[in-house]
Amino acid sequence: MNTDQNTLPLSGLWHLALRVRNLARSRAFYQDLLGMRVVWEPDTDNLYLSLGKDNLALHQIPKDTPFIQEGAHPLDHLGFMVPNKTGVDQIAAKMEEVGIAIVKPVRLHRDGSYSFYVNDPDGNLVQFLYDPHLEL
């Protein structure tokens, strides 16, 4: 964790979310071949995997949706891990203070994680996430 008073309380860039064409095929690759463990499977369209400190989210795109939509990319978002909920709130306040719009507001997710989203200067979706299931 950063200890410098001028930095935000970030633990690392350990979260990535991908849109996938075939969740079962992607699961086999990441879980069976690469050895990632399932940390959460909330439904048939979403799967969260880890090797310890990281978190990979796989999101099934609808069968009738083109894989690459206009203006879209297989990368759903990237996520910076934060050590606690207070840190998430602190970063959200800093973003607002410097004029960066919050795209998806701070909220508690159904798995107990806590996060919000902004866009980077090129429009990539960036999440700031506290996940109680990861080893930070």
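Look above for the structure.
Residues numbered from 1 in each chain as written. Predicted model: local features only at pLDDT ≥ 70, side-chain atom pairs only at ≥ 80, totals over all residues. Heavy atoms only, no water.

## Let's talk about the pattern of salt bridges
Okay, step 1: Enumeration according to the criterion identifies four salt bridges in this entry.
Okay, step 2: A salt bridge links Asp 76 to Arg 19; its shortest N-O distance comes to 3.4 Å. Placement of Asp 76 in strand 5 (residues 75–81) and of Arg 19 in strand 1 (residues 12–20) is noted, with a sequence separation of 57 residues between them.
Okay, step 3: Two residues, Glu 97 and Lys 94, come together in a salt bridge whose shortest N-O distance is 3.6 Å. Remark: Lys 94 and Glu 97 occur in helix 2 (residues 85–97); sequence separation between them is three residues, near one turn of the helix. (Salt bridge = Lys/Arg side-chain N within 4 Å of Asp/Glu carboxyl O. Helix = DSSP H or I, 4+ residues; strand = E, 2+ residues; numbered from the N terminus.)

## Some points on the layout of surface pockets
Okay, step 1: Taken as a whole, the largest pocket encloses approximately 450 Å³ of empty space.
Okay, step 2: Forming the boundary of the largest pocket are 23 residues, of which Tyr 48, His 59, Arg 107, His 109 and Tyr 117 lie nearest the centre.
Okay, step 3: Mapped onto the lining of the largest pocket, the elements with two or more residues apiece are strand 2 (37–43), strand 3 (46–50), strand 4 (55–60), strand 5, strand 6 (102–108), strand 7 (114–119) and strand 8 (125–130).
Okay, step 4: Of the residues belonging to the lining of the largest pocket, the class tally is eight nonpolar, nine polar and six charged. (1 Å grid on protein atoms, 1.4 Å probe; cavity = no way out; pocket = protein on both sides within 12 Å on 5 of 7 lines; lining within 4 Å. Points joined across faces, edges and corners; volume = space filled by probe spheres on them. Nonpolar A, V, L, I, M, F, W, Y, C, P; charged D, E, K, R; others polar.)

## Observations concerning the pairing of strand 8
Okay, step 1: For strand 8, a buried count of six out of six residues is recorded, marking the element as mostly surrounded by other parts of the structure.
Okay, step 2: Burial of strand 8 is two-sided: the residues Leu 125, Gln 127 and Leu 129 facing one way and the residues Val 126, Phe 128 and Tyr 130 facing the other way are all buried.
Okay, step 3: Pairing analysis gives four bridges linking strand 5 to strand 8, with the strands arranged parallel. Bridge assignment links Met 81 to a residue of strand 8, and that residue is Leu 129.
Okay, step 4: As paired elements, strand 7 and strand 8 share six bridges and run antiparallel to each other. Paired with Tyr 117 across the bridge in strand 8 is Gln 127. (Buried < 20%, exposed > 50% of the residue type's maximum accessible area, 1.4 Å probe, protein only. Pairing = 2+ DSSP bridges.)

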